[in-house]
Amino acid sequence: MAKKKTVKHPIEKKSTRNLSAGIQNGSLSTRISANSKSSEIFFYLNGQEVRPTAEEAFMMTADWLRKRKGMPGTKIVCAEGDCGACTVLIADPRKESLDFVPINSCVYLVGQLHGKSVVTIEGISNGSILSPVQNAMMKCHGSQCGYCTPGFVMALTGLLESRKMDNIPAAQKRKVCTNYLTGNLCRCTGYAPILDAACNMTDDSNYELKHRYLNEKIITTLKSNIWKTNQMGDKHGPTWYSPNQLEDALKFLKNQKSSVKILGSTTDLGVLYNKGKSQPNAFLSLQNIKALHASKVTPKQVQIGAQVSLESVRGAMKNIDSEFVNLLNIFASPQIKNVATLIGNVANGSPIGDTIPYLLVRNAIVYTSGISQGKIRERKIPLDKFYIGYKTSALESQELITKITFDRPKANNFVRHYKISTRKDLDISTMSMAISLDCEFSGHQFTIKQPRIAIGGMGPTAARIYSVEQKWEHQILTKTTILDLTHETACSINLELSPLSDHRGSADYRRALITNFFSKFASEFSQFLESMGVP
Amino acid sequence: MTTSPNTKSADGDCSELAESRRKEAKRRSLRPVNEHFSSTINAESANSKQSLVKNSKGQNSRQTKATSQPHDSASTHVSGLSEYVDDRPEMQNELHCAVIYSTEAHARILSIDASECNTLDGFVDIITAADVHHNCWGPIFKDQPILAKDVVQYYGEIVAVVAAKTLAIAKLAAKRVKVCYEPLDCTMSIQEAISKRLFIGGERKIQRGDPYAKGPHQVTGKLIIQGADHFYLESNAVVVYPRENRLLEVHSSSQHPTETQHVVAEACGLAFSDVICIVKRLGGGFGGKESQAAPIAAYCALMAHKTNRPCRLILTKDDDMIITGKRNPFEIFYDCTFQDDGAIISLDAKLYSDAGAYADLSTAIMERAMLHCDNAYFIPNIFITGQVCKTNHHPHTAFRGFGGPKGVALIELIMEKIAIQISIDALNVRKRNMYRPSFDITHYGQRVENNMLPSLFESLEKECHYKARRKEISDWNRSHQSTIKGLSLTAVKFGISFTTRFLNQGNALVNIHRDGSVQVSTGAVEMGQGVNQRIATLVSSELGVPVDLVRMLSTSTERNANTSPTAASSGTDINGAAALKAIGLIKERLAKLAAILSKTPKEQWPSQTAGLGTAPEIELASPINPESKELKNKLDYECLFSDGQVIVRHHSSINTQPAFSIKFSDLVNEAYLSRISVCEYSHFKIENLGFNKITGQGQAFLYFTQGVAASEVEICRYTGDVKVRRVDILMDLGRPINEALDIGQVTGAFVQGMGWVTTENLVYNKKGLLLTHSPSTYKIPNIQDTPREFNVHLIDNDGNQANFKGTKAVGEPPLLLGISVWTAIQNALSSSPKHLQLEKIPATNEVILRAMHPDLGWTI
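Criteria and cut-off values
Residues numbered from 1 in each chain as written. Chains lettered and ligands numbered in written order. Predicted model: local features only at pLDDT ≥ 70, side-chain atom pairs only at ≥ 80, totals over all residues. Heavy atoms only, no water. Helix = DSSP H or I, 4+ residues; strand = E, 2+ residues; numbered from the N terminus. Rg over C-alpha atoms; globule rule 2.2 N^0.38 Å. Buried < 20%, exposed > 50% of the residue type's maximum accessible area, 1.4 Å probe, protein only. Contact = heavy atoms within 4.5 Å. Buried area = accessible area lost by both parts, 1.4 Å probe. Salt bridge = Lys/Arg side-chain N within 4 Å of Asp/Glu carboxyl O. Nonpolar A, V, L, I, M, F, W, Y, C, P; charged D, E, K, R; others polar. Disulfide = S-S within 2.5 Å. Pairing = 2+ DSSP bridges. Axes fitted to C-alpha atoms, helices over the stretch in contact; angles between N-to-C directions. Phe/Tyr/Trp six-rings, centres within 6.5 Å; stacked < 30°, edge-to-face > 60°. Lys NZ or Arg CZ within 6 Å of the ring centre and 35° of its normal. 1 Å grid on protein atoms, 1.4 Å probe; cavity = no way out; pocket = protein on both sides within 12 Å on 5 of 7 lines; lining within 4 Å. Points joined across faces, edges and corners; volume = space filled by probe spheres on them. Expected span 1.5 Å × (residues − 1). Core = buried A, V, L, I, M, F, W, Y, C linked by side-chain atoms within 4.5 Å. Domains from an automatic or database assignment. Polar contact = N/O pair within 3.5 Å; in protein donor to acceptor, adjacent residues only side chain to side chain.

What about the overall build of chain B?
Per the secondary structure count, chain B includes 23 helices and 30 strands. In summary, chain B has a C-alpha radius of gyration of 29 Å against a globular reference of 29 Å for 860 residues, a match within 12%. Across its three principal directions, the C-alpha atoms of chain B cover 95 × 75 × 50 Å. For chain B, the residues scored as buried account for 66% of the 860 residues in total.

This is how it looks when you write it as structure tokens:
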């Protein structure tokens, strides 16, 4: 296989040997799981222990609930994690805090539930007595046709569990609720009654899911199983492998012949899977590898492991990089952010890239691992060298991305991220741009140092615009010169780039946006200069 | 409307009741929606329970008092226990169906080869056009095959259906079916269809006045209106059980069970009586399941009929969006003249709509568009023509508002353009032209009765602080660089009735059981709008029993045949009226029985004697003609149904004896034992409708629902991104049966209309494949898009004589107020010195940015 490879995330592989054969002759488990005891997949569903069959492990959770468990309360509408009708709550002891958080069960494999506690709409009320959320939704007329309602009830229950609504002024409640419900679509109510319900939920500790579904015994059982290898499947069906050591994962990748999908989360794979665009024979889940869950903030850098969710990144970046937090606020829904990983976004390598332009201006470095001559070989690839074409990257076929590092903003760093999409929230961008300037301040003069500009949605990959960066380097800025500089840049850049027309916008629109983003940047930068007393 | 013997007494104390009702109405009118909801919350369950206690005093019980009770399915909705079609448990021998659809816009089918399916373990059968008994259907013109035969006319047209033991196998089988096409010349736009003269039906005209009358000023242009997807959350779903002796039981997500029944029967070569169509509820319909649910049910039914096994067909969201039709796209050429003060003298408008490949409901939609080109405004000289064009898109269909929003968008755009041209506020242009006394005859010759428009405009202008905000916005636009704001106050006057007269009929079956509990079944389909709750409220209040004793049954052609679709906002009007009529007949018999019992010693009551036959059976006098007033006046008693009791007062002894009272359930039992029916079936039709489609004149509608909305938007100058900052709505819904449900319809419809005019963008490729076929690409409003401040008020209007109990329909009209967001965008753009304008729906970010920056060298 060529060095270039498609990096749809998860990554498709061709390999030389069938895993099921390996299991059959008994060699595989001894070979890859020598240092750990393998355990079967198990989790709690509304407080009941469940051990799914191998076949069930490959089903999407929503389908499984509806068709195998006789629990049709969870609805499926889009099967792509965009409408929230399938929202369920999970608590994952791998995370720092053991809270029930909403996820899209239509793009979440049953196998991924290993070691977690799941609560569905069927587990919310107390017998026939409705929960506070259900009561509020009913009394405030938050449901009309009812199809989106279970999803909203679950998201709102997650909101109560998060305690985000505790002790905040009524005026802020609406905003918090709105943000929390971004991942749920309703076509009947116009949302006003749902927001009223959200703002009028009473808090009743009797209904707190943590009390009801996470007692000491359950927590202990879960915690003692999460860092263990899972392995399921037989020669007739697909294979599930979820090792607890990176080395095992890499060996598995190296030895696989049939198509393997690497699961960071399943937010992208799930869509392809549901829509018949991907039918892998083997899944490699990374969730039991403890090292990949780590994130670290040093004085100069941030380091994010492959299993760290966008929501955790958002939490880690608070008070560190507010523009990154802003970006993550309007990127994806809470349901997606709770499971999708930053590395997944990087590995996916979409030309628009969501976080990629921003990571590019923050000098991100991608860390990959592979097995070479029996040893783990690690590579560091700067993000601006990582993408080599439309959805293709420098990642080799038997490598995994283990982590990414990027710079924290320096003092006097001025950064902006702009994104435009058809709808502002929970929509794939038409185009996005990030600009970061480290400024040197002497007297009343600003000099640009290390300008970094990256654009997504204007070519086959999101990319830095080095020609512009060179021009901007060492420029002395005033309110007038920034206008000239950005104007000139917008004109020249539009000659360089050749965007496509698609259903998100025409090439002309994208060109116009570039021009306007630079104007917007100039306007915001002048305000900044003004605040610093620069003429 | 009511036919019970209590009418006389009701007349007697009606002034008192009316007074208390007016007070009640005043109390609840003009209350902000937020306050309304929080008050509901605080009152908790007391709200519903205490009002029943209050009713026990008796005075109010016969009146339909607006309640705010939750939707009858609210508790099961929030618990995930409400059953939709695909929630039905799978039968052991059930088959899963998958569809194979055309991947060409227009092509000859050369071959359909399913040989590769046969090797697939679990594959069961395939059906094609050859398996369809009567392969032709259509809600108006029968022009559409159920399964394409020989030729496909749009991308997404169903060619074949496969069935397998599991859904996964069915999907795999569908992929293995090889269909060969020979592409034919296709027509993908209205312009192309016009130039090729590809039309459906003839050109329609509605006109009035002098074609040569012109004002001194003129605005002209072309308005382009795109379609919109219904985006009901529940995609089309069908489960069919073949029962014994050819009977097919069809569970469909259809807004029109009767049509579904008929299309299924014809497709399978069965009598209509061999098919039962049952609809429990829909996960949203919005018009999209009015006609188009029928052929989808037929695919599944054909398979069930052929294999004699239960079959299930659930479309994925992607397939549903690709296959089914949308709101019709329109192109409208207009020429409007007006006087110096903005008073319109003439309007000439040529409407063209894109029907897609088949007629579906497009001609009726065009008619409603033409009937709504006036909207709230009197236009003395008006010439509207309408032509439906045939293209190779999916057949477009009904969508909340039908043609109305297109006509209304046109005239509201003209209002903005007039305002710009003569430099006055657009609100003044609207008020100058609105229907008002002496200027209240529409262009189709119907008088606008009970016209609330002048007071609606006046109230909302005041309530929303229009003038002050207008000034603030002007200041903002002068002083801010990054965003511009706009404000627009538009109106809606929506005609209520099907314009096709025969659809304005409904029927209802009411069964009262011996314990006093009630079952009601009508032709109305519950799709979230709360029609069941409204009818249950009407019934419970008529019978004086708690609303939870009234169970609304699923909609089934077995109980209610020959029903109309639940559409045109008419669900409660026609079905509620039919239920009331049935209740009236039952009450009449019960009242008579109660009057007899009141004079009969209890030992001789049927419950004491009927089993033994020791007393003669009670016989009621011959039925009273419900329409005959004299007869009612002859009654010498009055009868009240209230709080679970039936109370009889004899006029002769009104001062000497206490009133006779019997428990409702006991009376029902006595009636049964006396062999008196406590069940009834009634048919209802709306009277006095007479719209002549040939002359374009007549009484098209029973009445009008009216409303006004003021929307404020803020647009980013750099990106064209729109935020809806504030919306104030004032609606006239007559006397609502359930105020909370009505307000829910208003907020929901408004936001749906707002989506249509802003972010909902249907993008097709050259073959007519819809590229935006899922929520990741087709953006309906998200919770973040709902107006930051959203005030909904209802006015107090007791004057709607036309409809029962003074109610007004609510389903569609508020959608048309969403247009105020679009005109607010126009208004914001017009604040530029260049008076930038856009004449396109939806005004996406890109469309707005193009309008704002004509300097950026756009290619077209």
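With respect to the interface of chain A and chain B
Residue-level contacts link 71 residues of chain A with 81 residues of chain B. In total, about 6,400 Å² of surface goes out of reach between chain A and chain B, with carbon and sulfur atoms giving 58% of it. It is His141, Arg187 and His503 of chain A in chain A that bury the most area against chain B; as a group they hold 14% of the surface buried on that side. Between Arg187 of chain A and Glu760 of chain B there is a salt bridge; the shortest N-O distance is 2.7 Å. Contributions of two or more residues to the side of chain A that touches chain B are made by helix H4 (61–68), helix H5 (132–139), helix H6 (149–162), helix H7 (170–180), helix H8 (192–199) and helix H21 (507–531) of chain A. By residue number, the principal contributor to the side of chain A that touches chain B is H21 of chain A, which donates 10 residues. Per-class residue counts for the side of chain A that touches chain B are 29 nonpolar, 24 polar and 18 charged.

Observations concerning the state of the cysteines
Within this structure, the stated rule accounts for 0 disulfides over all chains. Cys106 of chain A provides the cysteine sulfur closest to Cys86 of chain A, a residue in no disulfide bond, and the two sulfurs are 3.6 Å apart. Classification of Cys86 of chain A by relative accessible area gives buried; the value is 3%. Just so you know, Cys117 of chain B is unpaired, no disulfide at all, and the nearest cysteine sulfur is the one on Cys97 of chain B, 13 Å from it.

Section: the environment of Ser117 of chain A
All names here are of chain A. Along the chain, the position of Ser117 falls in strand S8 (residues 117–119). Of the residues examined, Ser117 reaches a relative accessible area of 0% and is grouped as buried. Expressed as a C-alpha distance, the spacing of Ser117 and Asp99, which sit 18 residues apart in the sequence, is 9.9 Å. Not counting the four nearest positions on each side in its chain, Ser117 is found in contact with Tyr44, Leu89, Ile90, Ala91, Phe100, Tyr213, Leu214 and Leu222.

Quick notes on the sheet that holds strand S4 (residues 43–45) of chain A
Residue and element names in this part refer to chain A. Strand order in the open sheet formed by 5 strands is S5-S4-S8-S6-S7, with mixed pairing between adjacent strands. Looking at which strands have only one partner, the edges of the open sheet turn out to be strand S5 (48–50) and strand S7 (101–104). Pairwise comparison of adjacent strand axes, ignoring direction, gives a mean angle of 35 degrees for this sheet. Contacts from H6 reach strand S6 (87–91), S7 and S8 within the one sheet, and its direction differs from that of S6 by about 30 degrees.

Some points on the sheet that holds strand S21 (residues 637–642) of chain B
Hydrogen bonds between backbone atoms are what pair the strands of a sheet, whose relative direction is either parallel or antiparallel. All names here are of chain B. Read across the open sheet, the 3 strands follow the order S21-S22-S23; overall the sheet is antiparallel. Edge positions in the sheet fall to S21 and strand S23 (660–663), since each of these pairs with one other strand and no more. The average undirected angle you get between the axes of adjacent strands in this sheet is 20 degrees. Here 4 bridges tie strand S22 (residues 645–650) to S23, and the two strands are oriented antiparallel to one another. Bridge pairing in S23 places Val648 opposite Phe660.

Overview of the pattern of salt bridges
Within this structure, the stated rule accounts for 76 salt bridges over all chains. The closest approach of N and O atoms between Arg314 of chain A and Glu311 of chain A, which form a salt bridge, is 3.0 Å. Of this pair, Arg314 of chain A and Glu311 of chain A both sit in helix H13 (residues 310–317), separated by 3 residues, roughly a single helical turn. We classify Arg314 of chain A as buried; its relative accessible area is 17%. By relative accessible area, Glu311 of chain A is classed as partly exposed at 21%. Its salt-bridge partner being Asp728 of chain B, residue Arg469 of chain B comes within 3.6 Å of it at the nearest N-O pair. Here Asp728 of chain B lies in strand S28 (residues 722–732) and Arg469 of chain B lies in helix H15 (residues 466–479), a separation of 259 residues in the sequence. Accessibility assignment for this pair places Arg469 of chain B and Asp728 of chain B in one class, buried.

Topic: the packing of aromatic side chains
Applying the stated criterion to the full structure yields 32 aromatic pairs over all chains. Centre to centre, the rings of Phe152 of chain A and Tyr191 of chain A are 6.4 Å apart; their planes meet at 55 degrees, and the pair counts as tilted. Of the two residues, Phe152 of chain A sits in helix H6 while Tyr191 of chain A sits in the loop between H7 and H8, which places them 39 residues apart along the sequence. For the residue pair Phe152 of chain A and Tyr191 of chain A, the accessibility class agrees, reading buried in each case. Among the aromatic residues, ring-to-ring pairing joins Phe414, Phe441, Phe446, Trp472, Phe518, Phe521, Phe525 and Phe528 of chain A into one connected group. We note Lys317 of chain B situated over the ring of Phe231 of chain B; from NZ or CZ to the ring centre the distance is 4.8 Å. Here the guanidinium or amino end of Arg327 of chain B rests over the ring plane of Trp756 of chain B, the centre of that ring lying 4.9 Å away.

Some words on empty space enclosed by the protein
Applying the stated rule across the entire model yields 14 cavities of 30 Å³ or more. A volume near 130 Å³ is recorded for the largest cavity. Lining the largest cavity are 15 residues, with Gln144, Tyr154, Pro295, Tyr299 and Ile323 of chain B sitting closest to its centre. Element by element, the count of residues in the lining of the largest cavity is highest for helix H9 (residues 293–307) of chain B, at 3 residues. Of the residues in the lining of the largest cavity, the class split is 10 nonpolar, 3 polar and 2 charged. Quantified by volume, the second largest cavity comes out at close to 120 Å³. Elements that contribute at least two residues to the lining of the second largest cavity include exactly H5 and H6 of chain A. Here the element with the most residues in the lining of the second largest cavity is H6 of chain A; it accounts for 3 residues. The residue inventory of the lining of the second largest cavity, partitioned by class, reads 5 nonpolar, 2 polar and 5 charged.

Looking at the pairing of strand S16 (residues 483–496) of chain B
Burial within S16 of chain B is extensive, with 14 of its 14 residues counted as buried. Along S16 of chain B, one buried face is formed by Thr483, Lys485, Leu487, Leu489, Ala491, Lys493 and Gly495 of chain B and the opposite face, lined by Ile484, Gly486, Ser488, Thr490, Val492, Phe494 and Ile496 of chain B, is buried too.

Here's the deal with helix H8 (residues 257–268) of chain B
All names here are of chain B. Compared with the 16 Å implied by 1.5 Å per residue over 12 residues, the 16 Å span of H8 between its first and last C-alpha is a close match. Burial analysis of H8 places 10 of its 12 residues in the buried class, which makes it a mostly covered element. Three or more residues of H8 are buried, namely Pro257, Thr258, Glu259, Thr260, Gln261, Val263, Val264, Ala265, Ala267 and Cys268. The inward-facing, buried residues of H8 abut strand S10 (248–252), strand S11 (275–279), H9 and strand S20 (555–556). Trailing H8 by a residue or two, Gly269 shows a phi angle of about 70 degrees, which is positive.

Topic: the pairing of S22 of chain B
Residues and elements named next belong to chain B. With 6 bridges connecting them, S21 and S22 associate as antiparallel partners. Each residue of the ladder has a partner; that of Glu638, found in S22, is Arg649. Linking two consecutive strands that pair antiparallel, namely S21 and S22, is a turn of 2 residues; a positive phi of about 45 degrees is found at Asp643 within it.

Details of the nonpolar core
Core analysis: the largest hydrophobic core is formed by 269 residues, its most contacted members being Trp472 and Phe525 of chain A together with Leu351, Ile414, Ile729, Phe750 and Trp822 of chain B. For this core, the element with the highest residue contribution is helix H17 (residues 571–598) of chain B, accounting for 14 residues. Discounting residues that sit within four places of it in the chain, Ile414 of chain B has contacts with Val219, Tyr334, Cys336, Ile344 and Leu347 of chain B.

Description of the domain arrangement of chain B
Residues and elements named next belong to chain B. Partitioning chain B into structural domains gives domain 1 (7–16 + 507–552 + 567–685), domain 2 (42–58 + 449–496 + 697–860) and domain 3 (86–186 + 230–323). Carbon and sulfur atoms supply 58% of the area that domain 1 and domain 2 bury against each other, a total of about 1,400 Å² over both sides. Per-residue buried area on domain 1 facing domain 2 is highest for Arg534, Ser569 and Asp573; these three make up 40% of the total on that side. Along the contact surface separating domain 1 from domain 2 lie 2 salt bridges. When the shortest N-O distance is used, the salt bridge between Asp742 and Arg534 registers 2.5 Å. The tally of links from domain 1 across to domain 2 stands at 5 residue pairs in polar contact (both at pLDDT 80 or more). Secondary-structure elements contributing two or more residues to the side of domain 1 that touches domain 2 are helix H16 (531–543) and H17. Here the side of domain 1 that touches domain 2 is built from residues that sort into 5 nonpolar, 9 polar and 4 charged.

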